[in-house]
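# Architecture and fold: a report
Take a look at the letters that make up each chain.
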Amino acid sequence: MVKKFDTKIPIKDVSGCKNIEVADINEDGIMDFFLSTKDRIQFFYSSEKYSKIISLEGASEEILPPSNYKLGIATMQDFDLDGGLKVVAVYYNEEQKKHKTVMYSRREGVSKAPFWKVFHSKDNFPVVEGQFSSKFNDIAAVDYNNDGFKDIVVVNHYALYHLVSEPLYTPTYLAVVLHGKGYVNKYGIGSSLKMKVYNKKKKQIEYHLKSVNTYSHGTTEHGGAVDHRNVFGLGYTSTPLHLSIVW
């Protein structure tokens, strides 16, 4: 039972949240929050480790839509398994009846916000012929074809779109699924995973953090889905050294 909340009053400037993700974005060893809201992408970075998890002053960083576009929906994952997070956002222009898909990547060697830059942009998105919709209900990133890479599922007013990853190269990765022998929290929901790796390119030790949020490939109420595995992307230069689990 929850007895104490870190946040006792509403966080400022959050409205119409469609999707939320948790990850150590600023690489300080504490989980941060990613929000896809009705009009922008917001990040809330952790502050003091044992007091406030996130700041109540508002978003730590925001990504606004491209000119003349509005945000449909977005998600954050390590799509190419290089160990770095990416954000995929679908935008729409209602007047011109068109979409834009943008991928953002984390800037290397940056220790404070802004962390994000445009990695790739594409001026289209699969649509049902003759049916344009600006209403995006849900988005999810799940490895449906079991190749290690996260595929993207987007649900709008008319259809469910399944975008399958087609990587040119296959980096290494480690997928972790917790399964205990007891009857209480058998699948380790809420557990934290910490992977220690050696990056041969940078010649340094790095740490990757994950948290266990689900125990199955369950679907959401809007038609999206979640992946029960915790996948650590290692790219081509990282070697796993140690995995610690706090159940």
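Remember, it's a predicted structure, so these values are computed and weren't measured experimentally. Starting afresh in each chain, residues are numbered from 1 along the sequence in its written order. Under the rules for a predicted model, residues below a pLDDT of 70 receive no local features and side-chain atom pairs below 80 are neither given nor counted, while totals for whole chains, interfaces and linings still include all residues. Values reported for side chains reflect all heavy atoms of the structure, with hydrogen atoms and water molecules removed beforehand.

By the element assignment, Ser-134 lies in the loop between β8 (116–122) and β9 (136–142). It is 9.2 Å that separates the C-alpha atoms of Ser-134 and Lys-98, two residues lying 36 residues apart in sequence. Two residues qualify as a contact provided that any one of their heavy atoms is within 4.5 Å of a heavy atom in the partner residue. Setting aside residues up to four positions removed in sequence, Ser-134 forms contacts with Tyr-92 and Glu-94. Each helix corresponds to a stretch of at least 4 residues labelled H or I by DSSP, and each strand to a stretch of at least 2 residues labelled E; elements are numbered beginning at the N terminus.

With that settled, consider the sheet that holds strand β3 (residues 41–44). Spatially, 4 strands are ordered β1-β2-β3-β4 in an open sheet, and the strand pairing comes out antiparallel. The two strands at the open ends of the sheet, each matched to only one other strand, are β1 (19–23) and β4 (61–63). Sheet twist, expressed as the average angle between the axes of neighbouring strands with direction ignored, equals 15 degrees. When DSSP finds two or more bridges between two strands, those strands count as paired. Taken together, the 3 bridges between β3 and β4 define a ladder with antiparallel strand orientation. Every axis corresponds to a line fitted to the C-alpha atoms, with the helix fit spanning only the stretch in contact, and the corresponding angles, defined between N-to-C directions, vary from 0 to 180 degrees.

Across the junction of Ala-113 and Pro-114, the peptide omega takes the value 5 degrees, indicating a cis bond. Considering the arrangement of structural elements, one finds Pro-114 in the loop between β7 (98–106) and β8. The backbone of Asn-68 sits at a positive phi, close to 70 degrees, despite the residue not being glycine. Residue placement: Asn-68 occurs in the loop between β4 and β5 (70–77). In this structure, Lys-97 takes a positive phi of about 55 degrees despite not being glycine. Note that Lys-97 resides in the loop between β6 (86–93) and β7.

Further remarks concern the pattern of salt bridges. Where charged atoms of side chains with opposite charge meet at close range, the side chains can pair. The term salt bridge refers to a side-chain nitrogen of Lys or Arg lying within 4 Å of a carboxyl oxygen of Asp or Glu. Summed over the entire model, instances satisfying the criterion amount to 4 salt bridges. For Arg-40, the salt bridge identified is with Asp-39, shortest N-O distance 3.5 Å. One salt bridge in this structure joins Lys-202 and Glu-206, with 3.5 Å as the shortest N-O distance. Working definition: with a 1.4 Å probe on protein chains only, accessible area under 20% of the residue-type maximum means buried, over 50% means exposed, and in between means partly exposed. The exposure class assigned to Glu-206 is buried, which follows from its relative accessible area of 15%. Connected via shared salt-bridge partners are Asp-39, Arg-40 and Glu-62.

Read across the sheet, 4 strands follow the order β5-β6-β7-β8 without closing on themselves; strand pairing throughout is antiparallel. At either margin of the open sheet sits one strand with a lone partner, and together these are β5 and β8. Pairwise comparison of adjacent strand axes, ignoring direction, gives a mean angle of 25 degrees for this sheet. Examined bridge by bridge, β6 and β7 share 8 bridges and lie antiparallel to one another. Bridge pairing in β7 places Ala-89 opposite Val-102.

A few words on the nonpolar core. Core analysis: the biggest nonpolar cluster contains 20 residues, and Ile-41, Phe-43, Met-76, Val-87, Tyr-91, Tyr-104 and Trp-116 have the highest contact counts within it. Of all the secondary-structure elements, those providing two or more residues to this core are β3, β5, β6 and β7. Grouped together as the second largest cluster of nonpolar side chains are 14 residues, Phe-132, Ile-152, Val-154 and Tyr-161 included. Put simply, a nonpolar core is a bunch of buried Ala, Val, Leu, Ile, Met, Phe, Trp, Tyr and Cys residues held in one set by side-chain atoms that sit within 4.5 Å of each other.

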